[in-house]
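# Descriptive analysis of the structure
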Amino acid sequence: MQLSARNQLEGKVAGVELGAVMANVKIEITEPGVITAVITKESAEKLGLSEGDDVTAIIKSTEVIVGK
């Protein structure tokens, strides 16, 4: 499967809770790999980002797409 989404985390389903309309799917991540963040130049400069810095990737999203 090919997707244009940049941040793809491989894992295994650890649990599925089915509701009347929605399903809660827990995915155990086995290999985080690399997260790609596209941020403004201004933000990168304000943070003083450079290779080797320790940072935290905070994923802000309204949806997570599950592919199989």
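Here's what I pulled together on the structure shown here. (Residues numbered from 1 in each chain as written. Predicted model: local features only at pLDDT ≥ 70, side-chain atom pairs only at ≥ 80, totals over all residues. Heavy atoms only, no water.)

## What about the overall build of the protein?
Counting secondary structure elements, the protein contains 1 helix and 2 strands. Written out in order from the N terminus, the α and β elements of the protein read β-β-α. Taking 2.2 N^0.38 as the reference for a compact globule, 68 residues should give roughly 11 Å; the C-alpha atoms of the protein span a radius of gyration of 16 Å, well beyond that estimate. Dimensions along the principal axes, computed over C-alpha positions, put the protein at roughly 45 × 25 × 25 Å. By element, 53% of the accessible surface of the protein is carried by carbon and sulfur atoms, the whole surface being about 6,900 Å². Distance between charge centres in the protein, computed from 7 positive and 10 negative side chains, equals 6 Å. (Helix = DSSP H or I, 4+ residues; strand = E, 2+ residues; numbered from the N terminus. Rg over C-alpha atoms; globule rule 2.2 N^0.38 Å. Areas by Shrake-Rupley, 256 points an atom, 1.4 Å probe, with all protein chains shown as cover. Lys, Arg positive; Asp, Glu negative; His and termini not counted. Charge placed at Lys NZ, Arg CZ, Asp CG, Glu CD.)

## Let's talk about the pattern of salt bridges
With the rule as written, the count across this model stands at 2 salt bridges. Its salt-bridge partner being Lys41, residue Glu45 comes within 3.9 Å of it at the nearest N-O pair. Of this pair, Glu45 and Lys41 both sit in helix H1 (residues 41-47), 4 residues apart, roughly one helical turn. Take Glu45: its relative accessible area is 54%, and that puts it in the exposed class. (Salt bridge = Lys/Arg side-chain N within 4 Å of Asp/Glu carboxyl O. Buried < 20%, exposed > 50% of the residue type's maximum accessible area, 1.4 Å probe, protein only.)

## Points about the environment of Gly19
By secondary structure assignment, the location of Gly19 is in the loop between strand S1 (10-18) and strand S2 (23-31). Distance in space between the C-alpha atoms of Gly19 and Glu51 is 44 Å, their sequence separation being 32 residues.

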